[in-house]
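# Commentary on secondary and tertiary structure
Residues per chain, in single letters:
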Amino acid sequence: MGLEVFGGFMKKIELLFGELLDQHLGKDVFLVPYYLSKEMKASCTIRHLKTKNSTKKGAHRGVTFKSWPMFFPDHNRHIRELLNICYVVLFSKRIDMLMHFHFTLTTAIIVILYKFINPKGRMYIKGDGLGFLKNLFDHLPDEKLRDKCLKKIYKLCMQQVDYISIETEGNYQFIVSHKSELKLKNTPVLMPNGFDDEVKKSLNIKVNSFQEKENIILTVGRIGAYQKHTELLLSALEKLELKSWKVLIVGNIASDFEATKNQFFQTHVHLQDKVIFTGEICDKQQLWEYYNRAKVFILTSRWEETPNVFYEAQTFSNYLLTTNVNGAEEATESGKLGIVFSVKEQVLPELIATSLQSIIDSDAQVIKNSYPSLVANIPKVAWTKRIQTLVKKMVG
């Protein structure tokens, strides 16, 4: 089923979201509707809930921001979801294509209401993880009536939605394998997240050759957050002989991690000029120059939903060392462009240290050998390229 209305009266794409924060402007929350509407030559609006943290208005790169008033405490998630559902009831007929993130109960209700009120409209879900689909096909003998009702709602949602994109191969294969049971209108598309290549082009950043890169190991994130597992990185670093290499740790440092950082340097004084905490870097050009200088990017998170740092690292030809989070196998092309650690936590520091020491001792020979593939991969992760998969599904 092609999206013939884009050749006719389709004029408006709208994303319904919760709190829209500054950080979302560099993520799929903004970039997917932006690149999609640009390809479709449609107007684009991101409708978000107005809270003390989410006050965006006006426009950015042609995308209009409009807020939906929040009359209740900012932390009340259920009220936020109810307000978004109310918006769909009131304004569905004005929206040619409605977009929503995640497989949640709220998404399911929004899909069903939108398609009931505006049957000619098109509904698009961008899947980030499996959500309610994960247990949808479990058949338990003692299943509660509530769970049975929810499953009916979820299945009706999947029958009604027009387009679905999935970020990782594993989740994509799971949904495709259940396509007939779900009675999907269209086969989902596999569309990993990507890199904002338009901004890179506007900043006139040229990717360094291997010879131009420096002996830098880079990590970027919320340093010290439980999810990011920064202490694992420090445990590996204390086992290394860094020689001429440096480690740059970029990101806001959690207050309760300061003691860990200070203890690390007290114990390993010789690493004070080798392991550098830069703090948060908001300027894109400055941040991306760190990627451009680095040879290695390392991620030690306990879990992620396809982290954006993968695509930044790929864009600047960083060799990836990462724990086995979502998207890791795809980002490393199953070992061609990096190493994925998928073993028990107890031995991870030793394995990470061994891999890093091998790179250091060999003068990064494995990276030098992989560099042509790393460079060839750059165009594949650009959003201008990624979005074509979805566009072809919609207009084909």
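Just so you know, these numbers come straight off a predicted model, no measurement behind them. (Residues numbered from 1 in each chain as written. Predicted model: local features only at pLDDT ≥ 70, side-chain atom pairs only at ≥ 80, totals over all residues. Heavy atoms only, no water.)

It is worth spelling out the overall build of the protein chain at this point. A tally of helices and strands in the protein chain yields 15 helices and 14 strands. What you see for the protein chain is a C-alpha radius of gyration of 23 Å, in line with the 21 Å of a compact globule of 396 residues. The dimensions of the protein chain, computed from C-alpha atoms along their principal axes, are 65 × 55 × 40 Å. Every one of the 396 residues in the protein chain was classed for burial, and the buried ones make up 55%. Within the protein chain, contacts between residues at least 6 apart in sequence are counted, and of these 71% link residues at least 24 apart. (Helix = DSSP H or I, 4+ residues; strand = E, 2+ residues; numbered from the N terminus. Rg over C-alpha atoms; globule rule 2.2 N^0.38 Å. Buried < 20%, exposed > 50% of the residue type's maximum accessible area, 1.4 Å probe, protein only. Contact = heavy atoms within 4.5 Å.)

Core analysis: the largest hydrophobic core is formed by 64 residues, its most contacted members being Leu218, Leu242, Val275, Phe277, Tyr291, Phe297 and Ile367. The element contributing the most residues to this core is helix α13 (residues 348-361), with 6 residues. Look past the residues within four positions of Tyr291 in its chain and what remains in contact with it is Lys213, Leu218, Val220, Phe297, Val309, Glu312, Ala313, Phe316 and Asn318. Of all hydrophobic cores here, the second largest spans 34 residues; its members include Ala108, Val111, Tyr114 and Ile164. (Core = buried A, V, L, I, M, F, W, Y, C linked by side-chain atoms within 4.5 Å.)

What follows is about the side chain of Asn118. Note that Asn118 resides in the loop between α3 (105-117) and β6 (122-127). Residue class for Asn118 comes out buried when judged on its relative accessible area of 11%. In this structure the side chain of Asn118 is engaged in a polar contact, spanning 3.1 Å, whose partner is the backbone oxygen of Ser92. (Polar contact = N/O pair within 3.5 Å; in protein donor to acceptor, adjacent residues only side chain to side chain.)

Taken in spatial order, the 6 strands make up an open sheet running β11-β10-β9-β12-β13-β14, and their pairing is parallel. At either end of the open sheet lies a strand with only one pairing partner, and these are β11 (275-279) and β14 (338-341). When strand polarity is set aside, the average angle formed by the axes of neighbouring strands in this sheet is 20 degrees. Where strand β12 (residues 296-299) meets strand β13 (residues 319-323), 4 bridges bridge the pair, whose relative direction is parallel. Directly across from Leu299, in β13, lies its bridge partner Thr322. Sheet strands touched by helix α10 (residues 284-293): β9 (216-220), β10 (246-250), β11 and β12. Its angle to β9, the strand with the most contacts, is close to 140 degrees. (Pairing = 2+ DSSP bridges. Axes fitted to C-alpha atoms, helices over the stretch in contact; angles between N-to-C directions.)

Although it is not a glycine, Ser334 sits at a positive phi angle of roughly 55 degrees. Assignment of secondary structure puts Ser334 in the loop between α12 (328-331) and β14.

Before going further, it helps to examine the environment of Asn193. When you line up the elements, Asn193 lands in the loop between β8 (189-190) and α7 (197-202). For Asn193 and Lys41, which are 152 residues apart along the polypeptide, the C-alpha to C-alpha distance reads 21 Å. In this structure Asn193 touches Asp28, Lys126, Glu167, Thr306, Asn308, Tyr311, Trp383 and Arg386, once residues within four positions along its chain are discounted. Within the structure, the side chain of Asn193 is placed 2.9 Å from the side chain of Lys126, a separation counted as a polar contact. One polar contact links Asn193 to Glu167, side chain to side chain, over a distance of 3.4 Å.

What follows is about the packing of aromatic side chains. Counting across every chain of the model gives 17 aromatic pairs. With centroids separated by 5.7 Å and ring planes inclined at 10 degrees, the aromatic side chains of Phe30 and Tyr34 adopt a geometry described as stacked. Residue Phe30 and its partner Tyr34 are both found in helix α1 (residues 28-40); the two are separated by 4 residues, about one turn of the helix. Judged by relative accessible area, which is 0%, Phe30 ranks as buried. Using a relative accessible area of 8% as the deciding quantity, one classes Tyr34 as buried. When the centroid spacing of 5.8 Å and the interplanar angle of 90 degrees are considered together, the rings of Phe195 and Phe316 count as edge-to-face. Here Phe195, found in the loop between β8 and α7, pairs with Phe316, found in the loop between α11 (308-315) and β13; they are 121 residues apart in sequence, far enough to count as distant. Both residues of the pair, Phe195 and Phe316, count as buried. Residue placement shows Arg302 over the ring face of Tyr226; its charged tip is 3.9 Å from the ring centre. (Phe/Tyr/Trp six-rings, centres within 6.5 Å; stacked < 30°, edge-to-face > 60°. Lys NZ or Arg CZ within 6 Å of the ring centre and 35° of its normal.)

It is at 9 Å that the axes of helix α2 (residues 77-91) and α3 come closest, and there the two elements cross at 10 degrees. Comparing their axes, α3 and α2 come out roughly parallel. Here Glu81, Asn84, Ile85, Val88 and Val89 of α2 lie close against α3, whose contacting residues are Thr106, Ile109, Ile110, Leu113, Tyr114 and Ile117. Residue composition of the contact of α2 with α3, by class: 8 nonpolar, 2 polar and 1 charged. (Parallel < 35°, antiparallel > 145°, perpendicular 65-115°, else oblique. Nonpolar A, V, L, I, M, F, W, Y, C, P; charged D, E, K, R; others polar.)

Turning to α1, a few remarks are in order. Compared with an ideal rise of 1.5 Å per residue, which puts 13 residues at 18 Å, α1 spans 17 Å between its outermost C-alpha atoms and is within 8% of the ideal. A large share of α1 lies buried, amounting to 11 of its 13 residues. Among all positions of α1, only Asp28, Val29, Phe30, Leu31, Val32, Pro33, Tyr34, Tyr35, Leu36, Ser37 and Met40 are buried. Two residues or fewer after α1 comes Lys41, characterised by a positive phi angle close to 55 degrees. (Expected span 1.5 Å × (residues − 1).)

Packing of α10 against α11 leaves a shortest axis separation of 9 Å and a crossing angle of 65 degrees. Of the possible angle classes, the one that applies to α10 and α11 is roughly perpendicular. Viewed along their axes, α10 and α11 form a crossing whose handedness is right-handed. In this structure, α10 contributes Lys284, Leu287, Trp288 and Tyr291 to the contact, and α11 contributes Val309, Glu312 and Ala313. Tallied by class, the residues present in the contact of α10 with α11 amount to 5 nonpolar, no polar and 2 charged. (Left-handed = near helix turned anticlockwise from the far one by under 90°.)

On their own, these measurements won't tell you what the molecule is for.
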